[in-house]
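Okay, here's what each chain looks like letter by letter:
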Amino acid sequence: MATRAFSWFLALRYLLSRWVNVLGMGGVALAVWALIVVVAVFSGFISGIEDNTKSGSPDLLVTSLAPETSFESLEATIRADEDVVAIAPRLRHHALYFPIGRGLRKIAATDPLPISGLGFEFVELLGIDTEAELETSDLSLWLDAIPNDDYGSRVEATENPLSISIERVRAARAQARPFDRTELLRVPPGVLVSRDRARSSRIDTGQELEIVSAHLDRSDPESPEMRKIRRVFVLTGKFESGHRVVDHTMAIVDIEQVRTLLGHDASDPGSIDIVSDVAIRVRPGADLKTVARRLEKALGNDVANVLTWREQNKTFLDVVHQERRMMKLILFAVGLVAAFLIYATMHMMVTQKVKDIGILSAMGASRDGTKHVFLICGVTVGVLGCVLGATIGCLTSIYLDEINRYFIRGTLTDIVNVFRGMFGLPDTVLSIFPPQLYALDRIPTVVDPTWVSQVTIGAFAVTIFAAWLPARRAARFEPVRALGYE
Amino acid sequence: MTDPILSAEGVTKTYRVGKREIPVLRGVDFEMQPGEMVALLGASGAGKSTLLHVLGLLDPPTEGRVRFEDQSVSDLPGPKRAKLRHREIGFVFQFYHLIPELTALQNVKLGTMMDQGPLAWLGERKQHDQDARALLDRVGLTERLTHRPDELSGGERQRVAIARALVANPRVILADEPTGNLDSSTSESVLELLFEINRESNIAFLLVTHDEGLAARCDRIVRLRDGVIDA
């Protein structure tokens, strides 16, 4: 049934004469705003985290290899794949390090290795072939990363990246001559740690680090023997991959150094170029999963696992995405509260207007016409709330960094400090996003048009339902009872 | 004698309160001629208002039927009854029943919006406005057009209600104790207005009242006692 003129006219009058409708509209707007802003910030963080994670991980990683696997045995098979662009051998080994010259307090003097002494830190040595790694991963970016401690001010540049070896690789390239890996054996062993790690360990470039580890010597298969390893490395540079696991646990050294530590000195006859993993860069646009499964098959499924960068970080990324899903669920509850607000507002309006319903019936209004009065009220409140919330939500998401920088850190901080000053408290700086906590120079936000549409349409649908229930109640009043209602 | 414009045939109305059934109308036969002024008298609880609501199609009869002209209308579907009520029947209540958010003019104009869509109504907006102003002028409220009900006296509110009842050009007006809430001088002026409209417009009036004096001025008196019309 078409809506009659009186439904629109009366709905407009009711809306304009009742401030409680503004409350309902504000509730819907707030819910839509929160859904858009929080998810935009979360998506921004996730996008940043994924970028960092991707940058800290090779496209594909051949892993779970048997001990003492030779790179040579894998290389030809991997390179044969049409989508493989570059590969790099990696050798990981767990170790401890402590800065030489710093006091080391032994707790148990009888320990064969002083690992219980305070001052040791655990680290995973990541041995890389610099030349191959530059082609395969974002190593160059890690080394050239210039972290910002504050907005716009670059305070620390990495120096001497990847120690001497990378400089030599670069020099060889500049001179268009082949790089001779034996050059690396003639220089002191260098090690790179992340900037954060260097800061937390209070070490800087030039610091000598004693690296201690152990490995199972299988040269006599009948009686493998645990051997201690100690070697002094020099901290020759810092990196920042943005990948928390890499930055917090890895120390990068040349792969030959790790091989030597594990008893495979390149100068020994019979030594093999052992690897624990192989990093792979694939052709841009290639489907990583397809290439990974194909390589697993080519290598033999029982030989190795081939993981895409997502699979390498599956647990971490799953947790991040799960957090976003949980946040959406919580915010959905906020949306329901807004719907209840609309319902309560409209229910109250219907209750207060029962007599009007009777009057309208006496004047010849149909039940549908009466229902439309209250439905138009509720839908108008819902639509205005949705549009307002979506508009402010999008603007807030896009300009959140500016709002934080100029309003919260600026004007609001100034106002708060005036009051703090009145009570003798020291000045403070307010911020919804402390940049030093995340090593980001902006609040990352991603406004997803699909999500904005889903939220707006969803909220609209919920408010229509919330308005429809009281409107239906209004239409069901018996005219005579409504006229006598007090 | 012409055909009745509004009639009730064997109308009963029983309300149910819990498990109890309370008969209010017990077989009412009633007719109104076009342009007739009928007074419906009866003690409190006799069923006067119930009969008025049944005749005005606000409340369906339990048994029997209501006819408008020669058509049985009490069993029409809801939307058709609403349309008939709008076009042919006007109501005037003891407590005025105006919409408090609307001015006097808007309350009257509301009656023009019942069977038109918003665009059609806007197209005839000027005509509707003129009609409503003319009616308020006729009931003596030219100076009170923009006043809301709470800014009007009881007599003025009842005049707005009368103007509203007239706006759709009905052929029957059902008035439920239209002066029951007014002082005597105001009552007299409101009654004068109703009789004047009856004389000039040939609209049939059914006046529910306790006032024998008022009833005596009508064309005919119908007495209702315990849900039955006294012979």
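Refer to the structure presented above.
Read on for a plain summary of the structure. (Residues numbered from 1 in each chain as written. Chains lettered and ligands numbered in written order. Predicted model: local features only at pLDDT ≥ 70, side-chain atom pairs only at ≥ 80, totals over all residues. Heavy atoms only, no water.)

Let's shift gears to the overall build of chain A. Check the secondary structure of chain A and you find 18 helices and 13 strands. Counting all 486 residues of chain A, 48% fall into the buried class. Counted over contacts in chain A with a minimum sequence separation of 6, partners at least 24 positions apart contribute 80%. Accessible area for chain A stands at about 23900 Å²; split by element, carbon and sulfur atoms hold 60% of it. (Helix = DSSP H or I, 4+ residues; strand = E, 2+ residues; numbered from the N terminus. Buried < 20%, exposed > 50% of the residue type's maximum accessible area, 1.4 Å probe, protein only. Contact = heavy atoms within 4.5 Å. Areas by Shrake-Rupley, 256 points an atom, 1.4 Å probe, with all protein chains shown as cover.)

As a further point, take the overall build of chain B. Across its full length, chain B holds 8 helices and 10 strands. For 231 residues, the compact-globule estimate of 2.2 N^0.38 gives 17 Å, and chain B sits close to it at 18 Å. Based on the C-alpha atoms only, the size of chain B along its principal axes is roughly 45 × 45 × 40 Å. Looking at chain B as a whole, 55% of its 231 residues qualify as buried. Within chain B, contacts between residues separated by at least 24 positions form 73% of all contacts whose residues are at least 6 apart in sequence. Carbon and sulfur atoms make up 46% of the accessible area of chain B, which amounts to about 10500 Å² in all. Distance from the positive charge centre (29 side chains) to the negative charge centre (34 side chains) of chain B: 5 Å. (Rg over C-alpha atoms; globule rule 2.2 N^0.38 Å. Lys, Arg positive; Asp, Glu negative; His and termini not counted. Charge placed at Lys NZ, Arg CZ, Asp CG, Glu CD.)

With that settled, the discussion passes to the interface of chain A and chain B. Every contact between the two is made by 25 residues of chain A and, on the other side, 26 residues of chain B. Of the roughly 2300 Å² buried where chain A meets chain B, counting both sides, 70% is carbon and sulfur surface. Of all residues in chain A, F9, M363 and V480 of chain A bury the most surface against chain B, accounting for 25% of the area lost on that side. The interface formed by chain A and chain B includes 2 salt bridges. As a salt-bridge pair, E101 of chain B and K353 of chain A come within 2.5 Å of each other at their nearest N and O atoms. (Buried area = accessible area lost by both parts, 1.4 Å probe. Salt bridge = Lys/Arg side-chain N within 4 Å of Asp/Glu carboxyl O.)

What follows covers the packing of aromatic side chains. Enumeration over the complete set of coordinates arrives at 3 aromatic pairs over all chains. Where F465 of chain A meets W468 of chain A, the ring centres are 6.4 Å apart and the plane angle is 25 degrees; that geometry is what we call stacked. Within this pair, F465 of chain A and its partner W468 of chain A are both found in helix α17 (residues 449-476), separated by 3 residues, close to a single helical turn. With a relative accessible area of 31%, W468 of chain A lands in the partly exposed category. Each ring, one from F91 of chain B and one from F93 of chain B, has its centre 5.6 Å from the other, and the planes form 0 degrees; the classification is stacked. (Phe/Tyr/Trp six-rings, centres within 6.5 Å; stacked < 30°, edge-to-face > 60°.)

With that out of the way, let us pick up the sheet that holds strand β8 (residues 204-209) of chain B. The strands that make up a sheet pair up through hydrogen bonds in the backbone, lying either parallel or antiparallel. All names here are of chain B. Sheet architecture is open: 6 strands sit in the order β6-β7-β8-β3-β9-β10, paired in mixed fashion. At either end of the open sheet lies a strand with only one pairing partner, and these are β6 (89-92) and β10 (228-229). Strand direction decides the pairing type here: strand β9 (residues 220-225) and β10, joined by 2 bridges, are antiparallel. Within β10, the position partnered with R225 by the bridge is V228. (Pairing = 2+ DSSP bridges.)

Residue and element names in this part refer to chain B. Along the chain, L136 falls in helix α5 (residues 125-138). A relative accessible area of 0% means that L136 is categorised as buried. Here the alpha-carbon distance between L136 and T146, two residues 10 residues apart in the chain, equals 11 Å. In this structure L136 touches A104, L105, V108, L141, T142, L145, V160 and A163, once residues within four positions along its chain are discounted.

With that settled, consider unusual backbone geometry. All names here are of chain B. With phi around 65 degrees, L57 is a residue other than glycine that occupies positive phi space. The phi dihedral of N169 falls on the positive side, at around 55 degrees, and the residue is not glycine. Here N169 is to be found in the loop between α6 (154-166) and β7 (172-176).

A surface patch of negative charge is lined by D3, D29, E31 and D70 of chain B. Secondary-structure assignment places D3 of chain B in the segment before β1 (6-17). (Patch = residues over 30% accessible without salt bridge, like charges linked within 9 Å, V, L, I, M, F, W, Y side chains within 5 Å.)

This brings us to the pattern of salt bridges. Evaluated as defined, the whole model comprises 38 salt bridges over all chains. The partner of R294 of chain A in a salt bridge is D81 of chain A, with the nearest N and O atoms 2.9 Å apart. Placement of the pair is R294 of chain A in helix α10 (residues 288-299) and D81 of chain A in the loop between α3 (71-79) and β3 (84-99), with a sequence separation of 213 residues. Here R294 of chain A falls in the partly exposed class, since its relative accessible area comes to 31%. Among the residues examined, D81 of chain A registers a relative accessible area of 10% and is labelled buried. In this structure, the salt-bridge partner of D129 of chain B is R133 of chain B, at a minimum N-O distance of 2.7 Å. Of this pair, D129 of chain B and R133 of chain B are both found in helix α5, 4 residues apart, which corresponds to roughly one turn of the helix.

Running from amino to carboxyl end, helix α2 (residues 20-55) of chain A crosses helix α14 (residues 367-398) of chain A at an angle of 35 degrees, the nearest separation of the two axes being 7 Å. Of the two elements, α2 of chain A crosses α14 of chain A, and the hand of that crossing is right-handed. (Axes fitted to C-alpha atoms, helices over the stretch in contact; angles between N-to-C directions. Left-handed = near helix turned anticlockwise from the far one by under 90°.)

Residues and elements named next belong to chain A. What you see with strand β1 (residues 60-63) is no split at all: L60 and V62 on one side and L61 and T63 on the other are buried throughout. Here β1 pairs with strand β12 (residues 277-282) via 3 bridges, running antiparallel. Looking across to β12, one finds that L60 is bridged to I280.

All names here are of chain A. A contiguous nonpolar surface patch, about 510 Å² in accessible area, is contributed by L395, I398, Y399, I403, F407 and V447. Within the residue set of the nonpolar patch, elements represented by two or more residues are α14 and α15 (400-422). Note that I398 resides in helix α14. You can call I398 partly exposed: its relative accessible area is 44%.

In this section: the sheet that holds β1 of chain B. Residues and elements named next belong to chain B. Read from one edge of the open sheet, 4 strands run β2-β1-β4-β5, paired in antiparallel fashion. Every interior strand has two partners, whereas the edge strands, β2 (20-32) and β5 (71-72), have only one. Judged from the 2 bridges that link them, strand β4 (residues 63-68) and β5 form a sheet pairing that is antiparallel. The residue bridging F68 from the neighbouring strand is Q71, located in β5.

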